[in-house]
Structure formats: structure tokens, C-alpha cells
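Each chain, letter by letter, is given below.
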Amino acid sequence: TPPRVEVLSTEHYVNHGGSGLVIYRVSETVSRSGVQIGDYFFPGSSGFFEDRPAIYVAIFAFPYDVPHSARLRVVAEDAARNTGQATPSYTVRKRRYRKRQITVSDGFIESTVLPLLGVDPEKADYETSFLKVNRDMRAENARRKREVGAESASRFLWTEPFHQLSNSKVEASFADSRDYFYKKKKIDKQFHLGFDLAVTKRYPVEAANVGRVVYADDLGIYGNTVILDHGLGVFTLYAHMSTIDVKVGEDVARKQPLGRTGATGLAVGDHLHYEVLIRGVPVLPLEWWDRKWLKDNIFRKIDAVREELMSGS
């Protein structure tokens, strides 16, 4: 007999490329449960409602790279691998993402790409080297982000909206589609999965919110990178830093300096590459900066379920 799944939260409005929250109850102890969208799975966390272990909270992404029509399901699997599921009532809002064409020069490959590979410019095939970094290293870095995001605190570590780096300006947006041309030939296509925040050189990089450092090291195309866990699968990433001033396992406060901006990795000029990740999957950062969005899509849902449980107990 498969476990029964009952969705308790309502009014699920999700931006394509954005985040959402579902609260659900399962009828029995399960080995695995959460939100499934295409090939992506976002596990739920029990214990958020202290004395209700059968109730789970799942923060999920509606990833930019799944079709707008992709089906969102809440699934639960027991030890015998019987699977139950439920489909919450939801609406996906379409978003228009920008497209860009980027010309790749020999100078850029020689000064920025080849050092990442440790290749002698006189022995390098420039086009092949660029693809090894922009395509293959990027894919490996994405895998590593998902690996880091697999474990998260079972509660929110924060209460305030996420903070945009002080005095910064957004110069490159989330899910920009980029076609890369080398010697007038299209050789690659990738997506920019965060915000590039422009500030002055070597500017102090501030933690967007209360969290714990779970990564502080080089990360390929991202260069010197810090990743913070904020609980329930929500992470933030800070890349291209010139220096890192925190260590893995350290608890940090909102706006606490993590290091300084730089141009490490596959960066052109000093800036901060900033991402919000759900279980390692990049999402639209703008939502998490927005107090109203957080109230409507996160806290109001939790409060409504808590009130319903109290009235029914």
C-alpha cells in the first residue's frame, strides 16, 4: 500500500526559474519525500512543526531549464518503494530571459581560460580549451554545487529578507542565454545563473543573510567561492572573490564580510557573481531580496498551516 500524500498549503504561484514552498502530510513513515519537477527532486524536511513529524516542508525550484508545462508533484516513498503522490494546485508564471551574443577572443582565452587549465599557450588549441572550461568545467562545477546543496539545516536560520550587496548594481541577470562565437562561428551556448553585482574593486562581500559556511575554496569557473547554507535547502553563492575570510563550519551574521570581490575564475573584471540556490539548483535571486514575496510565498503559507493545525487539534 503506497503512502498517502495530502498537500496542506494552498495558492502556489511560481515564477519560471523561481522558488516555491509546499507543506504536505504523509500517512506513514517514509524513506523519501519531496517535490518532483522533471528530473529535479527537492526533498522535504520533517520536524518544522515540532510535534507533527508526519508534516513536511519543501522549498523547491521551478528550474529555468525545464519546460513551462512541466508537472509539479509531491511524492513519498516508503521502505518497500511503494510511492504515493499528490499534485498541488499551482500556477507557473512565465518570465522572459535575455539573450546575448558573446565574441570570444584569443586574448581572453590566453589570459583567462588557459590559466584555469594550466596549459601552455604555445601548445594549446584555443577553441578546444575554451570548451573544456566554458562547457565541461562549468558542468562539473554545477554538479559540485548540487553535491554541496544536498545537506541543509532542517529549519530556517534567518528571519529577515536577503540582502543585496551594499552599493551594488546588477549588470548581468539570472538565466541570460549566451551564444559564444569564436572566429565568427558559434561554438557554445550556456546560461548565466546568477546576478553579476558591480561595485568598486576589492569591495567587502557581505553575507546575504544569517547562515553557515559550507564551502570556501576554489570552484573552477567561479574562482574563489563561498557558499552559505540558510536552512531548508536555501543556499547563497559568492564567486570570483579575491580573498576569502571565512572557514567551513563558521556561522555568519547578515551583512557579515566573507572576503573581498575580485576577478578569479572565468571573470572579466572585478565584480561579485551572486547566486541563490535551492538544493544546489540556481533560482531567481530577486525573489529572496523581496520582503513581500517572502511574506506571500513563504511565511504566510507556514502561518496558515500552523493556524489550521492549532484549530483542528
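Refer to the structure presented above.
Residues numbered from 1 in each chain as written. Predicted model: local features only at pLDDT ≥ 70, side-chain atom pairs only at ≥ 80, totals over all residues. Heavy atoms only, no water.

Colleague: Mind laying out the overall build of the chain, listing which residues take part and the relevant values?
Modeller: Scanning the chain from terminus to terminus reveals 4 helices and 24 strands. Its C-alpha radius of gyration of 21 Å places the chain within 12% of the 20 Å reference for a compact globule of 313 residues. Expressed along its principal axes, the backbone C-alpha trace of the chain runs to roughly 70 × 40 × 35 Å. In the chain, which comprises 313 residues, the proportion classed as buried is 52%. In the chain, 67% of the contacts between residues at least 6 apart in sequence involve partners at least 24 apart. (Helix = DSSP H or I, 4+ residues; strand = E, 2+ residues; numbered from the N terminus. Rg over C-alpha atoms; globule rule 2.2 N^0.38 Å. Buried < 20%, exposed > 50% of the residue type's maximum accessible area, 1.4 Å probe, protein only. Contact = heavy atoms within 4.5 Å.)

Colleague: How would you sum up the layout of surface pockets? Please name residues and give values.
Modeller: In this structure, the largest pocket occupies an estimated 900 Å³ of space. Along the walls of the largest pocket sit 42 residues, with Arg138, Arg178, Tyr180, His192 and Leu266 positioned nearest its centre. Of all the secondary-structure elements, those providing two or more residues to the lining of the largest pocket are β11 (99-103), α2 (126-148), β12 (169-172), β13 (176-182), β14 (185-192), β15 (195-198), β23 (272-278) and β24 (281-283). By residue number, the principal contributor to the lining of the largest pocket is α2, which donates 8 residues. Residues belonging to the lining of the largest pocket are distributed by class as follows: 21 nonpolar, 10 polar and 11 charged. Taken as a whole, the second largest pocket spans an internal volume of roughly 240 Å³. (1 Å grid on protein atoms, 1.4 Å probe; cavity = no way out; pocket = protein on both sides within 12 Å on 5 of 7 lines; lining within 4 Å. Points joined across faces, edges and corners; volume = space filled by probe spheres on them. Nonpolar A, V, L, I, M, F, W, Y, C, P; charged D, E, K, R; others polar.)

Colleague: Before we move on, could you go through helix α1 (residues 106-117) and cite the residues and values that matter?
Modeller: Taken together, the buried positions of α1 are Phe108, Ile109, Thr112, Val113 and Leu114. Against the buried residues of α1 lie α2 and β13. Note on α1: the residue one or two positions beyond its end, Gly118, has a positive phi of about 65°.

Colleague: Account for unusual backbone geometry, naming residues and giving values.
Modeller: A positive phi angle, near 60°, is found at Asn167, a position not held by glycine. As for its placement among the helices and strands, Asn167 is situated in the loop between α2 and β12. Take Asn167: its relative accessible area is 69%, and that puts it in the exposed class. For Lys183, which is not glycine, the phi torsion reads 55° and is therefore positive. As for its position among the elements, Lys183 is in the loop between β13 and β14.

Colleague: Now, about the nonpolar core: what can you tell me, with residues and values included?
Modeller: In this structure, Tyr238, Leu258 and Trp288 are the most contacted members of the largest nonpolar core, which totals 69 residues. Sorting elements by how many residues they give to this core places strand β7 (residues 55-61) first, with 7 residues. Setting aside anything within four residues of it in sequence, one finds Leu258 in contact with Val205, Glu206, Ala207, Val226, Leu228, Tyr238, Met241, Thr243, Ile244, Asp245, Val246 and Val252. The next biggest cluster of nonpolar side chains, apart from the first, holds 25 residues, and it includes Ile109, Phe130, Val133 and Leu219. (Core = buried A, V, L, I, M, F, W, Y, C linked by side-chain atoms within 4.5 Å.)

Colleague: Can you lay out the sheet that holds strand β20 (residues 243-244) for me, pointing to particular residues and giving the numbers?
Modeller: Overall, antiparallel pairing links the 3 strands, which are arranged β16-β22-β20 in an open sheet. Whereas interior strands pair on both sides, the edge strands pair on one side only; in this sheet they are β16 (204-206) and β20. As judged from the 2 bridges shared by β20 and strand β22 (residues 257-260), these two strands associate in the antiparallel manner. When the bridges of β22 are listed, Ile244 appears paired with Gly259. (Pairing = 2+ DSSP bridges.)

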